[in-house]
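Secondary and tertiary structure notes
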Amino acid sequence: MCKSKRCRGVGTRMRGHWYKTTVMLTMVLMLAGCGGDGAEAEQTVQTEQVEQTEQTLEQVLEEHFLAAEDAEDVATVVSQYAEETPDPALAEFLISYYQIPDEEQSKTRYYYNHIDLNEDGTDEIFVVVVGEYTKVSFGDPALILSEQADGTFQVIESFEGIHTPVTISERMTNGWHDIIYQEYGRGAEDGYRICHYNPNGGYQTDLSEVVDEVEPQDGTQIISNNFIDDMDKGNYMTLAPEEDGGSEAQGN
C-alpha cells in the first residue's frame, strides 16, 4: 500500500520460534533416548530421567506458546513522510475550498500523501492544512480527495480537525481501509479515533469510535512529519509563495 521511496519500516515481527522449539525438542528426545541405554542402568535412574525429560518438554512448549502470544501483539507499521513535490493545482483547490484570504495563503502550509484507500488501484490524496487561519482547538483540517481525469478534485471526506500522524490500517471496513489518529482538545475524553468507512456517510458516522488504546495492527503511518522541526528547517510547502522570498513553486 505504501509506494513512497521515503518509507522506512518501524515495525518488527517475532521470528524463529518454531526453529528454536524444534532444536530444543530434538535435544530433549535425544536425552530421553540416552536414558535407556545400557542393561546395567538402574530402573530408578531411568525413571528420574524420564520425569526430567517430561518436565523439560513441558517447559519448552510453554516458552514456545508464550513467545507466539507475544508475536501476535507486534504489528508492522511503515512510517511515511508527506510528499515534497509542490502541487499548485492542489494548493489552489485548498485556497478555494477553505476560502483562505490572500494575506494568509503564504502563511498556510499543506502536507499530503497519495495512498490507495479502497484498493481499486488508484490513489486517493490525504491532505492536511496547517495554519493560524484554518486550525481549530482539536487539530488541523484534512481532506481525502480523488483527482479526476480533467485535473479537478472531488472531496471524499472532510475532517474538521485531526492530529498527525495518521495511520492507514490494513484492516478494512466496507471496502475501505480504517483510518486512525490521536484525538484530544474536543472537551471529551481523549484517545484514538478509529474511522470505519460507511457507504452511507463516509468515514465520520456512528461507525467511528474513540478508544483509549489501539490494539496492534499493521498499517502505513502517513504525514509523519514533525511540524515544529519542519518550520525550523524551512522544510515545508505553503499555499502561496512566502512574502520573504518563498519559491514560486510554493515550496521551500
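A quick note: this is a predicted structure, and the numbers were derived from the prediction, not measured. (Residues numbered from 1 in each chain as written. Predicted model: local features only at pLDDT ≥ 70, side-chain atom pairs only at ≥ 80, totals over all residues. Heavy atoms only, no water.)

Comments concerning the overall build of the protein chain
The test is simple: What counts as a helix is a DSSP run of H or I of at least four residues, what counts as a strand is a run of E of at least two, and both are numbered from the N terminus. Residue burial is assigned from relative accessible area. The probe radius is 1.4 Å, only protein chains are included, and a residue is buried under 20% of its type maximum, exposed over 50%, and partly exposed in between. The contact criterion used throughout is that any non-hydrogen atoms of two residues lie within 4.5 Å. Exposure was quantified through the Shrake-Rupley algorithm and a 1.4 Å probe, taking into account, for residues, occlusion by the shown protein chains and nothing else.
Each helix and strand counted, the protein chain has five helices and eleven strands in total. By residue count, 39% of the 252 residues in the protein chain fall in the buried class. Considering only residue pairs separated by 6 or more positions, the protein chain has 56% of its internal contacts joining residues 24 or more positions apart. For the protein chain, the computed accessible surface area is about 14600 Å², with 49% contributed by carbon and sulfur atoms.

Re the side chain of threonine 167
By secondary structure assignment, the location of threonine 167 is in strand S7 (residues 166-173). Here threonine 167 is in contact with Asp178, Ile179, Ile180, Thr220 and Gln221, once residues within four sequence places are set aside.

Description of the side chain of serine 208
Among the secondary structure elements, serine 208 is positioned in the loop between strand S9 (191-195) and strand S10 (209-211). Of the residues examined, serine 208 reaches a relative accessible area of 14% and is grouped as buried. Residue contacts for serine 208: discarding those within four places in its chain leaves Arg193, Ile194, Cys195, His196 and Tyr203.

With respect to the nonpolar core
Threshold: We define a nonpolar core as any set of buried Ala, Val, Leu, Ile, Met, Phe, Trp, Tyr and Cys residues linked to one another through side-chain atoms lying within 4.5 Å.
Judged by nonpolar contacts, the single largest core of 23 residues is most densely connected at Phe126, Phe159, Ile162, Val166, Ile179 and Tyr203. Of all the elements in the fold, those that place two or more residues in this core are strand S3 (109-115), strand S4 (124-130), strand S5 (140-147), strand S6 (153-162), S7 and strand S8 (176-183). With sequence-adjacent residues up to four places away left out, isoleucine 179 is seen in contact with Phe126, Ile144, Val166, Thr167, Ile168, Arg193, Ile194, Cys195 and Tyr203. Tyr110, Ile125, Phe153 and Leu239 belong to the second largest nonpolar core, which has 17 residues in total.

Considering the sheet that holds S6
Each strand in a sheet pairs with another by means of backbone hydrogen bonds, the pair being arranged parallel or else antiparallel. Let me state the cut-off plainly: By the convention used here, strands pair only if DSSP detects at least 2 bridges between them. Fitted lines through C-alpha atoms give the axes, limited to the stretch in contact for helices. The angle between two N-to-C directions lies from 0 to 180 degrees.
Spatially, four strands are ordered S3-S4-S5-S6 in an open sheet, and the strand pairing comes out antiparallel. Two strands close off the open sheet at either side, each with one partner strand: S3 and S6. Strand-to-strand twist of the sheet, defined as the mean angle between neighbouring strand axes without regard to direction, takes the value 20 degrees. Pairing geometry for S5 and S6, over seven bridges, is antiparallel. Bridged to leucine 145 within S6 is valine 155.

Comments concerning the pattern of salt bridges
Side chains that carry opposite charge are capable of pairing whenever their charged atoms lie near each other. To keep it simple, the criterion reads: Salt bridges are identified by distance alone: a Lys or Arg side-chain nitrogen within 4 Å of an Asp or Glu carboxyl oxygen.
Scanning the model with the defined rule gives four salt bridges in all. Across the salt bridge formed by glutamate 183 and arginine 186, the nearest N and O atoms sit 3.4 Å from each other. Overall, arginine 186 belongs to the partly exposed group, its relative accessible area being 39%. For arginine 193, the salt bridge is made with glutamate 183, and the minimal N-O distance between the two is 2.5 Å. Note that arginine 193 is positioned in strand S9 and glutamate 183 in strand S8, a separation of ten residues in sequence. One network of salt bridges, with partners in common, ties together Glu183, Arg186 and Arg193.

Re the environment of threonine 122
Relative to the helices and strands, threonine 122 is located in the loop between S3 and S4. The sequence separation of threonine 122 and glutamate 147 amounts to 25 residues, and the corresponding C-alpha distance is 9.5 Å.

Brief notes about the pairing of S7
The pairing of S7 with strand S11 (residues 219-222) spans four bridges and is antiparallel. Bridge assignment links threonine 167 to a residue of S11, and that residue is glutamine 221. Connecting the antiparallel pair S7 and S8 is a turn made up of two residues, with asparagine 174 showing a positive phi of about 55 degrees.

Notes on the environment of aspartate 190
You can see aspartate 190 is positioned in the loop between S8 and S9. Under the relative-accessibility criterion, aspartate 190 is labelled partly exposed at 44%. A sequence separation of 21 residues divides aspartate 190 from valine 211, and the C-alpha atoms of the two residues are 8.4 Å apart. If sequence neighbours within four positions are ignored, aspartate 190 has contacts with Glu183, Tyr184, Gly185 and Asp212.

Quick word on a negative patch on the surface
As a reminder of what qualifies: A patch is a set of surface residues, each over 30% in relative accessible area and not in a salt bridge, joined within 9 Å for like charges and within 5 Å for the nonpolar side chains Val, Leu, Ile, Met, Phe, Trp and Tyr. Charged-residue counts in this description rest on Lys and Arg as positive and Asp and Glu as negative, His and the chain ends being excluded. In this description, the location of a charge corresponds to atom NZ of lysine, CZ of arginine, CG of aspartate or CD of glutamate.
Taken together, the side chains of Glu189, Asp190, Asp212 and Glu213 present a region of like negative charge at the surface. Along the chain, glutamate 213 turns up in the loop between S10 and S11. With relative accessibility at 69%, the residue glutamate 213 sits in the exposed group.

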